[in-house]
Amino acid sequence: MDHFLYRNGVLHAEDVPIPDIASEVGTPFYVYSTATLTRHFKLFDEALAPLEHLVCYAMKANSNQAVLRLMASLGAGVDVVSGGEYRRAKAAGFPGERIVFSGIGKTAEEMELAIQSGIRQFNLESEPEMHLLNAVATRLGKHVPVTVRVNPDVDAKTHEKIATGKAENKFGIPISRAREVYAEIAGLPGLDAIGIDVHIGSQLTDLEPFEQAYLKVAELTHALRADGHDIRRLDLGGGLGIPYERSNVAPPLPTEYGDVVKRTVGDLGCEIEIEPGRLIAGNAGLLVSSVIYVKSGEDRKFLILDAAMNDLIRPAMYGAYHDIIPVIEPSAGGEQTPYDVVGPVCESGDTFTKGRDLPLLYADDMVAFRSAGAYGAVMSSEYNTRPLIPEVLVHEHQFAVIRRRPTFDEIINRDTIPEWLKG
Ligand SMILES: *Cc1c(COP(=O)(O)O)cnc(C)c1O
């Protein structure tokens, strides 16, 4: 369920008609619903109760400061994967004790920043990283909490570009080597191994891979405890999928996911952490765009929109599906026709979908891409010198621009001319 519904024939975001936002900020734009973001966080939070737990929102899905501020106010923790994201977390008000640092390429500068300003834990992904973090922590006279991200070698059954838990992926340490690595950490003065981390991929629509991975984590917890390590926290990653295609079978709910967590690792006495991103933000956002032209090709109709692959890259990058709906509600049983929905960028890859049956649309009509709140704005670029599009947050009958569209001067003046080309 989300909060983007037709009312009196017009698509609304909560209590705000989409055309009202469009007339203020122009198309294309992203719009997010506070109620949906809040609801999704609470679903996870409730699904893990009564276990001691922290839901750490994976901000790479949508890192707008206003979204982060909302998450912080709800009591969420946050998962960051770069020094930039760490700074965003602090700026949005997350205390260090609620910031988890993930990612396979943390630099010494990033480690130092997080150690000095406060961190819940580092999730280590390799032995070289473990040695560098130990060196940085020792130099600063600190003893920092870490987990090791183990790669459980399970098939997440998701798109190959977002599967991370198979032996062939670049993430984590093979689970078979984990005991060796924890033994090594025990001898390092700068590190305190407090738990285990696992994250097997994104957009998982089946609970089975989670179950397999978490059972392996449970087994490892026993083994590490027997080796004398005080394992007291399990970070189980993110990855629960969302229904991109409304006509398909819905993926499992957070409550069902919570049951898997309880069944597999619930009796270990560990504090549980999860890192959902997509499920919190994905269906909390729309990308709204206008039709520029309807062009008749040889054997097909092209719907040329003012949004493009630089605004929403998921279809070009992963062949991802997004529901596309008109902002003005079509009449029930009205005529439909297949369109190739494309953007203006000079790449054939700038195609959102081919042969999609949609109600008849004309120039200046608006459409909305559903499920665009995660991995949408954060992955956008200014390719073709198309300005980053505005982001808007709705709260009941109010809305606010939470990132404005830059001016062309701002974009052009970011570049500088070297002295030898001047004059
Ligand atoms: C991307 C990522 C997540 C979030 O994944 P979702 O599919 O958005 O829930 C969580 N943890 C780590 C380490 C990640 O890289």
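To keep things clear, this report deals only with the structure shown in the data block. (Residues numbered from 1 in each chain as written. Predicted model: local features only at pLDDT ≥ 70, side-chain atom pairs only at ≥ 80, totals over all residues. Heavy atoms only, no water.)

1. Some points on the side chain of Arg-314
Rules: What counts as a helix is a DSSP run of H or I of at least four residues, what counts as a strand is a run of E of at least two, and both are numbered from the N terminus. Only protein chains enter the calculation, and the probe is 1.4 Å; a residue is then buried if its accessible area is under 20% of its type maximum, exposed if over 50%, and partly exposed in between. In this tally Asp and Glu are treated as negative and Lys and Arg as positive; neither His nor the chain ends contributes. Salt bridges are counted wherever a side-chain nitrogen of Lys or Arg sits within 4 Å of a carboxyl oxygen of Asp or Glu.
Following the sequence through the fold, Arg-314 ends up in helix H11 (residues 314-318). Here Arg-314 occupies a buried position and makes no salt bridge, while the nearest side chain of opposite charge, Glu-245, is found at 11 Å.

2. Looking at the pairing of strand E9 (residues 144-151)
Rules: When DSSP finds at least two bridges between two strands, those strands are taken to pair.
Burial analysis of E9 places seven of its eight residues in the buried class, the great majority of the element. Of the strand pairs in this sheet, strand E8 (residues 121-124) and E9 are connected by three bridges, and their pairing is parallel. Paired with Asn-123 across the two strands is Thr-147, which belongs to E9. Sheet analysis places E9 next to strand E10 (residues 173-174), joined by two bridges and oriented parallel. Across the sheet, the residue bridging to Asn-151 is Pro-174, located in E10.

3. Some details on the state of the cysteines
Short version of the rule: The rule for a disulfide is simple: a pair of cysteine sulfur atoms within 2.5 Å.
As enumerated under the stated definition, the model contains zero disulfides in all. In this structure Cys-270 is not part of a disulfide, and its nearest cysteine sulfur, from Cys-56, lies 15 Å away. We classify Cys-270 as buried; its relative accessible area is 7%.

4. A closer look at the packing of aromatic side chains
Rules: Stacked, tilted and edge-to-face are the three classes applied to pairs of Phe, Tyr and Trp rings, where Trp contributes its six-membered ring and a pair requires centres within 6.5 Å; stacked means planes under 30 degrees apart, edge-to-face means over 60, and tilted covers the rest.
What the rule picks out here adds up to eight aromatic pairs. Among the aromatic side chains, those forming a connected cluster through ring pairs are Phe-44, Phe-210, Tyr-214 and Tyr-257.

5. Comments concerning the layout of surface pockets
Formally: A 1.4 Å probe that fits but cannot get out identifies a cavity on a 1 Å grid over protein atoms alone, an open set with protein on both sides within 12 Å along at least five of seven lines counts as a pocket, and a residue lines either if it has an atom within 4 Å of a point. Grid points are joined across faces, edges and corners, and a volume is the space filled by probe spheres set on the points. For each domain, the first and last residues come from an automatic or database assignment.
Space inside the largest pocket adds up to approximately 580 Å³. Taken together, 30 residues line the largest pocket, and the ones lying closest to its centre are Lys-60, Thr-164, Phe-171, His-199 and Tyr-375. Viewed by domain, the lining of the largest pocket spans two of them, domain 1 (4-31 + 282-412) and domain 2 (63-276), each represented by three or more residues.

6. Focus on the pattern of salt bridges
Under the defined criterion, the tally for this structure stands at 23 salt bridges. Glu-112 serves as the salt-bridge partner of Arg-139, at 3.2 Å between the closest nitrogen and oxygen. Of this pair, Arg-139 sits in helix H6 (residues 127-139) while Glu-112 sits in helix H5 (residues 108-117), placing them 27 residues apart in sequence. Note on Arg-139: relative accessible area 53%, which makes it exposed. Note that Glu-180 is salt-bridged to Arg-177, the shortest N-O span being 3.2 Å. The structure contains a network of salt bridges with shared partners spanning Arg-120, Arg-233, Glu-271 and Glu-273.

7. Overview of the nonpolar core
Convention followed: Remark: nonpolar core denotes a set of buried residues (Ala, Val, Leu, Ile, Met, Phe, Trp, Tyr, Cys) joined through side-chain atoms within 4.5 Å. We call two residues in contact when some of their heavy atoms are within 4.5 Å.
Counting 101 residues, the largest nonpolar core has Leu-37, Phe-122, Tyr-214, Leu-234, Leu-236 and Tyr-257 as the members making the most contacts within it. Looking at this core, the element that brings in the most residues is helix H8 (residues 208-226), giving seven residues. Counting contributing residues per domain, this core is built from domain 1 (4-31 + 282-412) and domain 2 (63-276), each supplying no fewer than three. If we skip the residues at most four places from it in the chain, Leu-37 touches Tyr-32, Val-67, Leu-70, Met-71, Ile-280, Ala-281, Ala-284 and Leu-393. Core analysis: the second largest hydrophobic core is formed by 18 residues, Ile-18, Val-327, Ala-368 and Val-392 among them.

The values are spatial; any link to function lies outside them.
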